[in-house]
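# Notes for the structure review
This is what each chain is made of:
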Amino acid sequence: MTKILLCGDGNGAHVFTALATQNCGVQVNILSLYEPVRTQWQNSLKQGATLKVVREEKDTEESFEGNPVMVTDDAKAAADGAKILVFMNPAFTHDAYLNALEPYVTESMVIIALPSQPGFDFAIRKAWGDKASLVDVVVFDTLPWACKMSEIGKNARIYGTKDSMYGGISAKSKAKPHVTAALELVQRCLGQTPELRVTRPKLGALMSTLGLQIHPGIMYGQWGKWDGKPIDEVPRFYYDATVDGATYCERVSEEVLGLGKKITELFPDVDLSSMVSLKDWYLNTYGPEIGDKTSLYTILRSNAPYASFKHFVKEVDGKYVPDFNVRYLTQDIPYGMIPVRGIAEIAGFPTPMMDEIIYWAQRCIGKEYLVDGKLTGKDIPETSSPQACGITKIQDIVYA
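### Side note on the sheet that holds strand 8 (residues 136-140)
- Spatial ordering of the open sheet is given by 5-2-1-6-7-8-11-12, a layout of eight strands whose pairing is mixed. Pairing within the sheet leaves two strands with one partner each, and these edge strands are strand 5 (70-72) and strand 12 (195-201). Each strand axis lies, on average, 25° off the axis of its neighbour in the sheet, ignoring direction.
- When strand 8 meets strand 11 (residues 164-169), the two strands line up antiparallel, connected through two bridges. The residue of strand 11 that forms the bridge with Val 139 is Gly 168.

### A short note on the packing of aromatic side chains
- This structure, assessed with the given rule, holds 16 aromatic pairs.
- For the ring pair Phe 87 and Phe 120, a centre distance of 5.4 Å and an interplane angle of 65° mean the geometry is edge-to-face. One end of the pair, Phe 87, is in strand 6 (residues 84-87); the other, Phe 120, is in helix 5 (residues 120-128), with 33 residues separating them in the sequence. The exposure classification of Phe 87 matches that of Phe 120, with both residues buried.
- Of the aromatic side chains, those joined through ring pairs into one cluster are Phe 237, Tyr 238, Trp 281, Tyr 282, Tyr 286, Tyr 306, Phe 309, Phe 312 and Tyr 328.

### Brief notes about the environment of Pro 115
- Summarising the element assignment, Pro 115 is placed in the loop between strand 7 (110-113) and helix 5.
- The partly exposed category is assigned to Pro 115, whose relative accessible area is 25%.
- When the C-alpha positions of Pro 115 and Val 138 are compared, they lie 9.8 Å apart, and in sequence the two are 23 residues distant.
- Setting aside chain neighbours within four positions, we find Pro 115 in contact with Phe 87, Phe 140, Asp 141, Thr 142 and Leu 143.

### Some thoughts on the nonpolar core
- In terms of nonpolar packing, the biggest core is built from 62 residues, with Met 207, Met 219, Tyr 238, Ile 263, Tyr 282 and Ile 343 touching the most fellow members.
- Excluding anything up to four places from it in sequence, Met 207 contacts Leu 212, Gln 213, Val 256, Leu 259, Gly 260, Ile 263, Leu 272, Met 275, Val 340 and Ile 343.
- The next biggest cluster of nonpolar side chains, apart from the first, holds 42 residues, and it includes Val 138, Met 149, Ile 152 and Cys 189.

### A word on the side chain of Asp 136
- Structurally, Asp 136 can be placed in strand 8.
- Within polar-contact distance, the side chain of Asp 136 engages the side chain of His 178 at 3.2 Å.
- For Asp 136, the contacting residues outside a window of four places in its chain are Met 109, Val 110, Ile 111, Ser 173, Lys 176, His 178 and Val 179.

### A few points about the packing of helix 10 (residues 243-266) against helix 15 (residues 352-365)
- The interhelical angle for the contact between helix 10 and helix 15, taken along N-to-C directions, is 125°, at an axis separation of 8 Å. On the basis of their axis angle, the class for helix 10 and helix 15 is oblique. Facing helix 10, whose interface residues are Tyr 248, Arg 251, Val 252, Glu 255 and Val 256, helix 15 presents Pro 352, Met 353, Met 354 and Ile 357.

The rules behind these values
- Residues numbered from 1 in each chain as written.
- Predicted model: local features only at pLDDT ≥ 70, side-chain atom pairs only at ≥ 80, totals over all residues.
- Heavy atoms only, no water.
- Pairing = 2+ DSSP bridges.
- Helix = DSSP H or I, 4+ residues; strand = E, 2+ residues; numbered from the N terminus.
- Axes fitted to C-alpha atoms, helices over the stretch in contact; angles between N-to-C directions.
- Phe/Tyr/Trp six-rings, centres within 6.5 Å; stacked < 30°, edge-to-face > 60°.
- Buried < 20%, exposed > 50% of the residue type's maximum accessible area, 1.4 Å probe, protein only.
- Contact = heavy atoms within 4.5 Å.
- Core = buried A, V, L, I, M, F, W, Y, C linked by side-chain atoms within 4.5 Å.
- Polar contact = N/O pair within 3.5 Å; in protein donor to acceptor, adjacent residues only side chain to side chain.
- Parallel < 35°, antiparallel > 145°, perpendicular 65-115°, else oblique.

Shown next, in the form of structure tokens:
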């Protein structure tokens, strides 16, 4: 039986486990480095519970059931016999998982990141050194579903499934039959949707990761001019997105595309033409679900699967203040925007919108990344930027 090592234990991991088990009959070994969730999931297995995932979309409902073979923090046991590693965990945990797995890296392993972050490739190189050349890496720009685990190891729900997901891969890896086979297997695990479209060079896919283009801009638009006074109602994250927030997202997207163009000017043999604007990504991914496709602003405020998502807040005397200690800043800045900003710095490409957001965000989360226009802050070593890995030449990024 084919074994898949699944790194992570959150919402996506629950959904993937049930779908993979029912759709493909594969053995899913879960590597969990978060003790509270790991223990509860292990207890659920001991009690004989079966993980059930319900997909509720477009007035229809279907369910999937299936358990992992193991939920463990023993990387050796989890990796034993597994040639496909699916990363479905937050970026701030990538280093811990990669370090735990380093002794067990073998040739012809395939890593599939669902999703990745721009610094994922740098994190692999930092953790595995020369061993990084033994594996093939495929990166995708987002999680396959809008989903939520309601009871650890027992229940989860899918609220929306993307029609397609765009992935990136190196030309060398794309030509390998075992990589193609791994992708075909993961597609069968997911089902017909989302369709996995591996159409981009890995660098283009990494730079186009959605978290850095969406979440920080919406946060900055909502809270950048906040006066510090508690508010009466919790705003919806997407459906109450501000005009400023949508504009910030668009400008970050334009900077990402501009950086791609700069790289192709420096290296004409590198094709990044498959990179698309944030608006086009939404239209390609969610087309039928979007109520108003006029602009990015209207798209954010009418994309049905994300209607109920709200900003993270803290309650104060019956009112609310923003909670900045959330992944939209603590993850999407150091592991999303900072790595792309780092590539831009090495390439000599200006990113004024990213800089503005980073200066604001680092104050909100008590970090220091950007100082006088350079990524020389004291907290850069915590990021997955090229600067944190000692990379100083753009060719070492482009041709990795």
